[in-house]
2 protein chains.
Amino acid sequence: MNQQQPISFEPPRGMRDFYPEEMAWRERVFNAWRQATRLCGFSPYDACVVESLELLQRKAGEEVTDQIYNFEDKSGRKLALRAEMTPTLARMVAARQGGLRFPLKWSAIAQCFRYERMTRGRKREHYQWNVDVVGEESVLAEAEVLNAAATALRMMGLPDASWRIHVSSRALLAELLAGLGFAPESHAAVFLALDKRGKIPDDAIAALLRDGGLPEEGVPKVFRLMEVSSLDEAEALAGADSKAVARLRELFRLAAIYGFADNLVFDISVIRGLSYYTGIVFEAFDTERKFRAIFGGGRYDNLLTSIGGEPTPAVGLGFGDVVVQEVMKEVLGDCGRQREDRVAVGFMTPAERDAAVSLAARLRSEGRSVDLSLSAQKPKAFFKAAGEGTASHAVFIGPDDVASGSARLKNLETREESAVALAPAQTDTAP
Amino acid sequence: MNQQQPISFEPPRGMRDFYPEEMAWRERVFNAWRQATRLCGFSPYDACVVESLELLQRKAGEEVTDQIYNFEDKSGRKLALRAEMTPTLARMVAARQGGLRFPLKWSAIAQCFRYERMTRGRKREHYQWNVDVVGEESVLAEAEVLNAAATALRMMGLPDASWRIHVSSRALLAELLAGLGFAPESHAAVFLALDKRGKIPDDAIAALLRDGGLPEEGVPKVFRLMEVSSLDEAEALAGADSKAVARLRELFRLAAIYGFADNLVFDISVIRGLSYYTGIVFEAFDTERKFRAIFGGGRYDNLLTSIGGEPTPAVGLGFGDVVVQEVMKEVLGDCGRQREDRVAVGFMTPAERDAAVSLAARLRSEGRSVDLSLSAQKPKAFFKAAGEGTASHAVFIGPDDVASGSARLKNLETREESAVALAPAQTDTAP
C-alpha cells in the first residue's frame, strides 16, 4: 500500500456520486416511487445487481448485448452487472412458477448499468423503477401499470399538464404490416428499424428495412404507416375486427376511469428498442418534448418461454431516475434541499453539552429529527449554520438556559419561539 | 440467441434474490435504518457500487484485498465492486474537502461485495448501513454514531435485553503495549493477530505475533492483556492519566445521558479486522452470542490522509442486513409478512370491473393502498386469497352491489363490515 501518492477523488467514468444535496433530489424520486408502489398495491422485490452473463445475453435486445458490463469472478464464473431488471424478473418468476399466486404485481427500484459512449452527459448507470404485472392477459394489467406510473409522477409534484403517455401497439403494427403483405418474419426487423426514427436519418432506416428483407417497394409503405395519427385512422387500415385496436380502445376507456385519460395519447411512432415486446407499448415524455422518455414499457408475453419458463403473459415498465429529475428541475424549478421537520440543537460551552445531549435524546424519543451540534459554538455561528441548513427549528443552549432549566425552540421560518424544558444535569457513571 | 435451451433460474452463487416475503423482512430493517437516520439527523448520501480498483486497494485492510470483485470495463479501466463504503466516503469527502461544512454526519445504505469461500451460508454480497461523523475529534461523535445504531435496533423491535455493544479502544491497547515496551511499529501486527482470536487457535495467533516482530517473551504478555476485564483494571495498567481510558469513560457517561449505557460493555477483545482504526472500536452482538457481530466500527482518524486528503478525524459504523435479521427471527420469531393497511378489491363478473377500478382509484386518491384484482373471481376464491395475503381489508363487488351503488368493506382481522359507495358507471371514450 503506497500511502503517499494521491489518487483520483472522482467516481469512475459514467458513475454518479450522490452528495446529500443530490441525494435529497433522488429521495424525492424514490419516495414517490415507493408511495406509488404502496398505493397501487404492488409488492416490492429485489435481486442482486450481479447476474449471470448468460441470462442477460439470452434475453437482451440487440443493442444491449455489447453494452453489458461483464466480468469473471475468481472461480471463472461469467457474471455481469444487469442492464435492466426484466431478465431477472423473468428468472425469479420461472424459478418459482409453480408456487407463486398469479397475477403477480411486483415492483423494484433497481440500479442498472450500460457501457455507452459518454455523450451529452449520459451516465453508465441509473436507477430504474420497475412495475410489472405477470400472469394477466387482460388490458387491465396495462392500465394498472400505467396508473402506478401516473401516480408516481403526481407524487413528484409534476402537474398533469407537464407530461404525456404516448401509447401504441406492436400487435397493431403487426396487423398493419400483415395487411400490407409483409410476412411475420420481417416484422422484428421493421420494429428495430422504426425504433431508430429521429435518431438516424430516414435513409439509414430505409437501408435497415431493406437489410431486414423488406422488398424495395415495401419501404415507403412502412414510412406511410408512421403517418397514421389517430386510433380511428389505424382502425380504418386494420379493420373493424382488429383485436389490437380493441385493446387500445379499452385501455383509453379504463384510463378515463382511473383518471389519467387526458394524459394518454395514441402515437404510432412508439416502438420501444427491446425485442421482447408483443403488444401495447408506451413511453412518457414531458409535454414540451425537451427531454428523452421519462418511462417506457409494454406487454411482453413471450419472455418467460425465451428463458425456458412456462408461457406467461406480462406487462411492465421501467422508469429511470435521471430524465424525470431533469423534468422536475425544468417544471418545478431547482428548489434544492427543502427545510425538513428537524430541530438543530447547539450549545455554547462544554458545560451545556450534557443538557444538549439530553434534550436531543428526549426530542428523538418523541419522534422528532434532531441535528445535534457536536462541539460548543458561538450563537451567531450556530444560527448561521442552522439557517443555511435544512432544519425547521433550532434550540441553542447557553449557561443561563441550564440554570433556568428551560431553553427557547425557535421556528426558523416564522421566527416564533416557544419554551422547551431542559433536564437537570445527570451524573451517571459506568461501567 | 438460443431460445430453446433452458438456463439456470438461480441467482449467481453467493448472491441473493428477494422475493416479496424476503423483501418484507429487508424492508423492516431498511425502514429502521432510514428512521434512525432521520431521527438522529444524519444526511443520506450514496455512490455507485462500482469503484476504481485503486481506491479499494489503497485503503483496504489486509484481508480484503484478495476478496475484491474486480474487472475491467470495455476501455480497460480497472474497476471493482466495493467491499465496504468507507473508502468511497473518504474519496467523496476528499473531493470536496474545502466546500463541506464539518463535522459531516452522513449515512448510506450500501450494497457491498466480498468474494469469500461459501461456508455456513455466508453470502458474497450484503447491504450495510453506514453511519459516519467526519471532522469531529470529541467522543460525542462516537456517542452519536452508537446512539443512531441503538435507535435502529429499537426501531426493529429488538428489546434492549437482546443486544449489547462491546467497546474497546485501539488507543488503549497501544498505550498498554507501549507500557509493555513494544515499539509502535509492532502494534499493527498485534491488532491483526488479536483480531483472529476465536477464529484460529491461540498457537497460530502466537505465531502471527512472532512473525510480526514480537519477541518470544512478549507473546504471553499480549495474551494476558486480553484478560483485562474492566475499565478499572485497564486504568490500573495504563495509568490514571491514560487518555484512552478517559475517552472510554466519557463515552459511558454520554451513553447514560442518551439512554443506552445499560447496553454498553467494556470488552478488550474487540479489535476489528480493518487496519485503519485508530481509537475507540466497537461491535454489537446478540446478548446470547449465538450470531456474528450485528454491527461494528470505530474511530479512523488517518483514513483521509491515506488517500491524499487533509487530516480529518472520523468515526463510523457498518451495520449489515444479514446478521440482524437472524437475530430478529431468533428474538421476535419468524412472524413473516404482516398485515398492512391495504384494501383488496375484487369483482365477480366483468360487468363489475369498472366499478372495482373506480373504487380502487378513489381509495388510492385518499391515500389508501389498494390491491385491485385484475380479473373476475368467485367470492370464495377472492376472500381466500385476500385472507392469505397481507391486506387488512377487502371489498368484493358483485352485480347487486353495483345495482345498489354500495359495497361492503370487510376488516379481515375483526370481521367488521362497513359500507362503501360505488360510483355510477362511467362511459367516457377516447381518444
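Residues numbered from 1 in each chain as written. Chains lettered and ligands numbered in written order. Predicted model: local features only at pLDDT ≥ 70, side-chain atom pairs only at ≥ 80, totals over all residues. Heavy atoms only, no water.

A few words now on unusual backbone geometry. In the segment running from Phe102 of chain A into Pro103 of chain A, the intervening peptide bond is cis, with an omega of -5°. By secondary structure assignment, the location of Pro103 of chain A is in the loop between helix H3 (86-95) and strand E7 (104-113). Of note, the phi angle at Arg415 of chain B is positive, near 70°, even though the residue is not glycine. With respect to the helices, strands and loops of the structure, Arg415 of chain B is situated in the loop between strand E17 (406-411) and strand E18 (417-421). (Helix = DSSP H or I, 4+ residues; strand = E, 2+ residues; numbered from the N terminus.)

Counting residues at the interface gives 118 residues for chain A and 118 residues for chain B. Taking both partners together, chain A and chain B bury about 9,700 Å²; carbon and sulfur atoms supply 57% of that area. Broken down residue by residue, the surface that chain A buries against chain B is led by Phe9, Tyr19 and Leu374 of chain A, which jointly contribute 8%. Inspection of the chain A/chain B interface yields 14 salt bridges. The tally of links between chain A and chain B comes to 40 residue pairs in polar contact (both at pLDDT 80 or more). At 8 residues, the largest contribution of residues to the side of chain A that touches chain B is made by helix H10 (residues 243-258) of chain A. The pairing of strand E1 (residues 17-18) of chain A with strand E3 (residues 46-47) of chain B spans 2 bridges and is classified as antiparallel. Among the inter-strand pairings, Phe18 of chain A is bridged to a residue of E3 of chain B, identified as Asp46 of chain B. (Contact = heavy atoms within 4.5 Å. Buried area = accessible area lost by both parts, 1.4 Å probe. Salt bridge = Lys/Arg side-chain N within 4 Å of Asp/Glu carboxyl O. Polar contact = N/O pair within 3.5 Å; in protein donor to acceptor, adjacent residues only side chain to side chain. Pairing = 2+ DSSP bridges.)

Turning our attention to the domain arrangement of chain A. Taken domain by domain, chain A consists of domain 1 (20-47 + 85-332) and domain 2 (340-421). Each of domain 1 of chain A and domain 2 of chain A was reduced to a C-alpha centroid, and the two centroids are 50 Å apart. (Domains from an automatic or database assignment.)

Our next topic: the sheet that holds strand E17 (residues 406-411) of chain A. All names here are of chain A. Strand order in this open sheet of 5 strands is E15-E14-E16-E17-E18, and the pairing throughout is mixed. The sheet terminates laterally at strand E15 (369-372) and strand E18 (417-421), the two strands that pair on one side only. Within the sheet, the average angular offset between the axes of one strand and its neighbour, ignoring direction, is 30°. Taken together, the 5 bridges between E17 and E18 define a ladder with antiparallel strand orientation. (Axes fitted to C-alpha atoms, helices over the stretch in contact; angles between N-to-C directions.)

Below, the discussion takes up the relation of the copies chain A and chain B. For the pair chain A and chain B, the superposition axis carries a translation of 0.0 Å, the fit reaches an RMSD of 0.0 Å, and the rotation angle comes to 180°. As the rotation angle and translation indicate, the two copies are arranged about a two-fold axis. Of the C-alpha atoms belonging to chain A, the one lying closest to the rotation axis is found on Phe71 of chain A, 2.8 Å away. (Least-squares fit on C-alpha atoms with pLDDT ≥ 70 in both.)

This brings us to the packing of helix H1 (residues 20-39) of chain A against helix H4 (residues 140-155) of chain A. Residues and elements named next belong to chain A. Look at H1 against H4: their axes get within 8 Å of each other, and the N-to-C directions meet at 135°. Relative to H4, the element H1 lies oblique. Both H1 and H4 take part in a crossing whose hand is right-handed. Contact residues: Ala32, Trp33, Gln35, Ala36 and Leu39 in H1; Ala148, Thr151, Ala152 and Met155 in H4. Among the residues making up the contact of H1 with H4, the classes are represented as 7 nonpolar, 2 polar and no charged. (Parallel < 35°, antiparallel > 145°, perpendicular 65-115°, else oblique. Left-handed = near helix turned anticlockwise from the far one by under 90°. Nonpolar A, V, L, I, M, F, W, Y, C, P; charged D, E, K, R; others polar.)

Moving on to the packing of aromatic side chains. This model, assessed by the stated rule, comprises 39 aromatic pairs over all chains. Geometrically, the ring pair formed by Phe30 of chain B and Trp33 of chain B is stacked, given 5.3 Å between the ring centres and 25° between the ring planes. With Phe30 of chain B and Trp33 of chain B both in helix H1 (residues 20-39) and 3 residues apart, the pair spans about one turn of that helix. Residue Phe30 of chain B shares its accessibility class with Trp33 of chain B, and that shared class is buried. An aromatic cluster of at least three residues, connected via ring pairs, comprises Phe18, Phe30, Trp33, Tyr127, Trp129, Phe282, Phe295 and Phe319 of chain A. Here Arg28 of chain B stacks its cationic end above the ring of Trp25 of chain B, 4.5 Å away from the centre of that ring. The ring of Phe383 of chain B carries Lys410 of chain B above its face, with NZ or CZ at 4.8 Å from the centroid. (Phe/Tyr/Trp six-rings, centres within 6.5 Å; stacked < 30°, edge-to-face > 60°. Buried < 20%, exposed > 50% of the residue type's maximum accessible area, 1.4 Å probe, protein only. Lys NZ or Arg CZ within 6 Å of the ring centre and 35° of its normal.)

A separate point is helix H12 (residues 321-332) of chain A. Residue and element names in this part refer to chain A. The first and last C-alpha atoms of H12 sit 16 Å apart over 12 residues, in line with the 16 Å expected at 1.5 Å per residue. Those residues of H12 that are buried lie in contact with E1, H1, strand E8 (125-134), H4, strand E11 (280-286) and strand E13 (314-320). Where H12 terminates, the next one or two residues include Gly333, which has phi positive at roughly 85°. (Expected span 1.5 Å × (residues − 1).)

For the rest of this paragraph, the subject is the sheet that holds strand E6 (residues 78-81) of chain B. Residue and element names in this part refer to chain B. The antiparallel open sheet is built from 3 strands, whose spatial order is E4-E6-E5. The sheet terminates laterally at strand E4 (50-52) and strand E5 (69-72), the two strands that pair on one side only. Neighbour-to-neighbour, the strand axes of the sheet open up by a mean angle of 35°, direction not taken into account. Direction of pairing for E5 relative to E6: antiparallel, over a ladder of 4 bridges. Paired with Asn70 across the bridge in E6 is Ala80.

Let us look at the pattern of salt bridges. Taken as a whole and assessed by the stated rule, the structure comprises 66 salt bridges over all chains. Among the ionic pairs, Lys105 of chain B bridges to Asp371 of chain A, the shortest N-O distance being 3.4 Å. Of this pair, Lys105 of chain B sits in strand E7 (residues 104-113) while Asp371 of chain A is found in strand E15, placing the two residues in two different chains. When its relative accessible area of 7% is taken as the criterion, Lys105 of chain B is described as buried. Among the ionic pairs, Glu142 of chain B bridges to Arg247 of chain B, the shortest N-O distance being 3.5 Å. With Glu142 of chain B in helix H4 (residues 140-155) and Arg247 of chain B in helix H10 (residues 243-258), this residue pair connects regions lying 105 residues apart in the sequence.

All names here are of chain B. The geometry of helix H6 (residues 187-194) relative to helix H7 (residues 202-211) is characterised by a closest axis approach of 9 Å and an angle of 165° between their N-to-C directions. The angle between H6 and H7 places the two elements in the roughly antiparallel class. Helix-helix and strand crossings are classified by hand; for H6 and H7 the assignment is right-handed. Residues Ala189, Val190 and Ala193 of H6 lie in contact with H7, whose contacting residues are Ile205, Leu208 and Leu209. A breakdown of the residues in the contact of H6 with H7 according to their chemical character gives 6 nonpolar, no polar and no charged.

Glancing now at the environment of Val281 of chain B. Residue and element names in this part refer to chain B. Residue placement: Val281 occurs in strand E11 (residues 280-286). In this structure the C-alpha to C-alpha distance between Val281 and Gly297, which are 16 residues apart in sequence, comes to 5.7 Å. When sequence neighbours within four positions are dropped, the list of residues in contact with Val281 reads His166, Val167, Ser168, Ser169, Arg170, Val270, Ile271, Arg272, Gly297 and Gly298.

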